Amino acid sequence: MDKEYKIPKHVGIIMDGNGRWATKKGLKRSAGHAAGYKTLKKLAVHILNRGVKYLSVYAFSTENFKRDAEEVNYLMDLFVNKFREDKNFFMKKNIKVIFSGLKEPLRNDVWESMQEISEMTKNNDGGIFNILLNYGGQNELVEATKKIVNDVITDKINIEELNTENFYHYLFQDLPPIDLMIRTSGEVRVSNFMLYQIAYAEMYFPKVYFPDFNEKEFDKALDVYNKRDRRFGGIKK
Ligand code: IPE
Ligand code: IPE
Ligand code: MG
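Thresholds applied
Residues numbered from 1 in each chain as written. Chains lettered and ligands numbered in written order. Predicted model: local features only at pLDDT ≥ 70, side-chain atom pairs only at ≥ 80, totals over all residues. Heavy atoms only, no water. Near = heavy atom within 4 Å. Polar contact = N/O pair within 3.5 Å; in protein donor to acceptor, adjacent residues only side chain to side chain. Areas by Shrake-Rupley, 256 points an atom, 1.4 Å probe, with all protein chains shown as cover. Helix = DSSP H or I, 4+ residues; strand = E, 2+ residues; numbered from the N terminus. Nonpolar A, V, L, I, M, F, W, Y, C, P; charged D, E, K, R; others polar. Pairing = 2+ DSSP bridges. Axes fitted to C-alpha atoms, helices over the stretch in contact; angles between N-to-C directions. Contact = heavy atoms within 4.5 Å. Buried < 20%, exposed > 50% of the residue type's maximum accessible area, 1.4 Å probe, protein only. Salt bridge = Lys/Arg side-chain N within 4 Å of Asp/Glu carboxyl O.

1. Regarding the site of ligand 2
All residues adjacent to ligand 2 are Ile-14, Met-15, Asp-16, Tyr-58, Ala-59, Phe-60, Asn-64, Arg-67, Arg-183, Arg-189 and Ser-191. One nitrogen or oxygen atom from the side chain of Arg-67 is found 3.3 Å from an oxygen atom belonging to ligand 2. Protein chains shield 77% of the accessible area of ligand 2, which is 390 Å² for the free molecule. In terms of residue count, the dominant contributor to the shell around ligand 2 is strand S2 (residues 54-61) (3 residues). Across the shell around ligand 2, the residue classes tally to 5 nonpolar, 2 polar and 4 charged.

2. Side note on the sheet that holds S2
Pairing between sheet strands relies on hydrogen bonds along the backbone, with the strands arranged either parallel or antiparallel. Spatially, 6 strands are ordered S3-S4-S2-S1-S5-S6 in an open sheet, and the strand pairing comes out parallel. Sheet topology places strand S3 (96-100) and strand S6 (202-204) at the edges, where each strand pairs with a single neighbour. Across this sheet, the average inter-strand angle for adjacent strands is 20 degrees, counted without regard to direction. As paired strands, strand S1 (residues 10-14) and S2 are joined by 5 bridges and run parallel to one another. Bridge assignment links Ile-14 to a residue of S2, and that residue is Tyr-58. The strands touched by helix H2 (residues 29-49) are S1, S2 and strand S4 (128-135); relative to S2, the strand with the most contacts, the crossing angle is about 155 degrees. Those strands touched by helix H3 (residues 69-92) are S2, S3 and S4, and its axis lies near 150 degrees from that of S2.

3. Comments concerning the site of ligand 1
As a structural note, the neighbourhood of ligand 1 is formed by 13 residues, with Met-15, Asp-16, Arg-20, Arg-29 and Arg-67 the closest of them. A distance of 3.4 Å is found between an oxygen atom of ligand 1 and a backbone nitrogen or oxygen belonging to Gly-17. Protein chains bury 87% of the 380 Å² of accessible surface belonging to ligand 1 in isolation. Mapped onto the shell around ligand 1, the elements with two or more residues apiece are helix H1 (18-24), H2 and H3.

4. Remarks on the environment of Leu-75
Looking at where Leu-75 falls in the secondary structure, it is placed in helix H3. As for Leu-75 and Gly-127, which are separated by 52 residues in sequence, their C-alpha atoms are 25 Å apart. When residues no more than four places from it in sequence are discounted, the contact partners of Leu-75 are His-33 and Phe-60.

5. What to know about the side chain of His-33
With respect to the helices, strands and loops of the structure, His-33 is situated in helix H2. Separated by 3.2 Å, the side chains of His-33 and Asn-18 make a polar contact.

6. A word on the pairing of strand S5 (residues 180-183)
Across the two faces of S5 the burial is the same, with Leu-180 and Ile-182 and Met-181 and Arg-183 all buried. As paired strands, S1 and S5 are joined by 4 bridges and run parallel to one another. Among the inter-strand pairings, Ile-14 is bridged to a residue of S5, identified as Arg-183.

7. Topic: the side chain of Gln-197
Within the secondary structure, Gln-197 is located in the loop between S5 and S6. Polar contacts involving the side chain of Gln-197 include one to the side chain of Glu-140, which spans 3.3 Å. Not counting residues within four places of it along the chain, the set of residues in contact with Gln-197 comprises Tyr-135, Glu-140, Tyr-168, Leu-171, Pro-177 and Ile-178.

8. Structural notes on the pattern of salt bridges
As enumerated under the stated definition, the model contains 21 salt bridges in all. Linking Asp-179 and Arg-230 is a salt bridge whose minimum nitrogen-to-oxygen distance equals 3.1 Å. Placement of Asp-179 in the loop between helix H5 (137-153) and S5 and of Arg-230 in the segment after helix H6 (215-227) is noted, with a sequence separation of 51 residues between them. The exposure class of Asp-179 is buried, given its relative accessible area of 13%.

What follows is the structure, given as structure tokens:
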């Protein structure tokens, strides 16, 4: 009997290789980021149309502030411009846009554009698009710990009630665990991406740079995912 085709509920993508994509073409790194955004816009719609309920994408890590001011500013401008420009696009596609990460040290205009798009799309129910911006996984766990300590000292929870399930409520966004994690560009590392949520994720590391990770490439990832045997520590029957 044919097993039915499995669609992961939550997909995570570490969008890596924009800079190398551009350099290889003799372009500036910024051109790679612009191309990466174009790819992301199409890809997000495709992935959520395939039946994935939650898509989390790594757009900017807390560590990415180490880059030159020119590149950081280019990326911040790109975020502001695209969130403002594409609010209506995501409305039309019925996609709810949310963010994970901290406000500081983001520029005010970046933070405001994030608020605007998430406010506008908050009632959409055609899939959740979680953008990780100024995000770090260790940071998320430290922030969660602070919230928990606060809830304990203000008697909101009894410390004994805390468990691996309700721990998710304390993360930046309360989303299910990641089923499929993809990192483009051939790098095989996690780089501080959703450390709690990837505990049992299947991982896929295609060689293509992110701007070339199109709908067809994603469908290949789905095929690979379907061949994986997820055991969660149990034994195959
Ligand atoms: C990913 O591409 C985008 C961000 C980190 C913002 P990179 O900019 O890391 O591209 P490479 O890894 O240098 O090629
Ligand atoms: C991870 O990519 C962060 C994002 C994709 C936003 P990096 O390019 O920053 O990661 P490292 O430095 O290669 O680990
Ligand atoms: Mg990189």
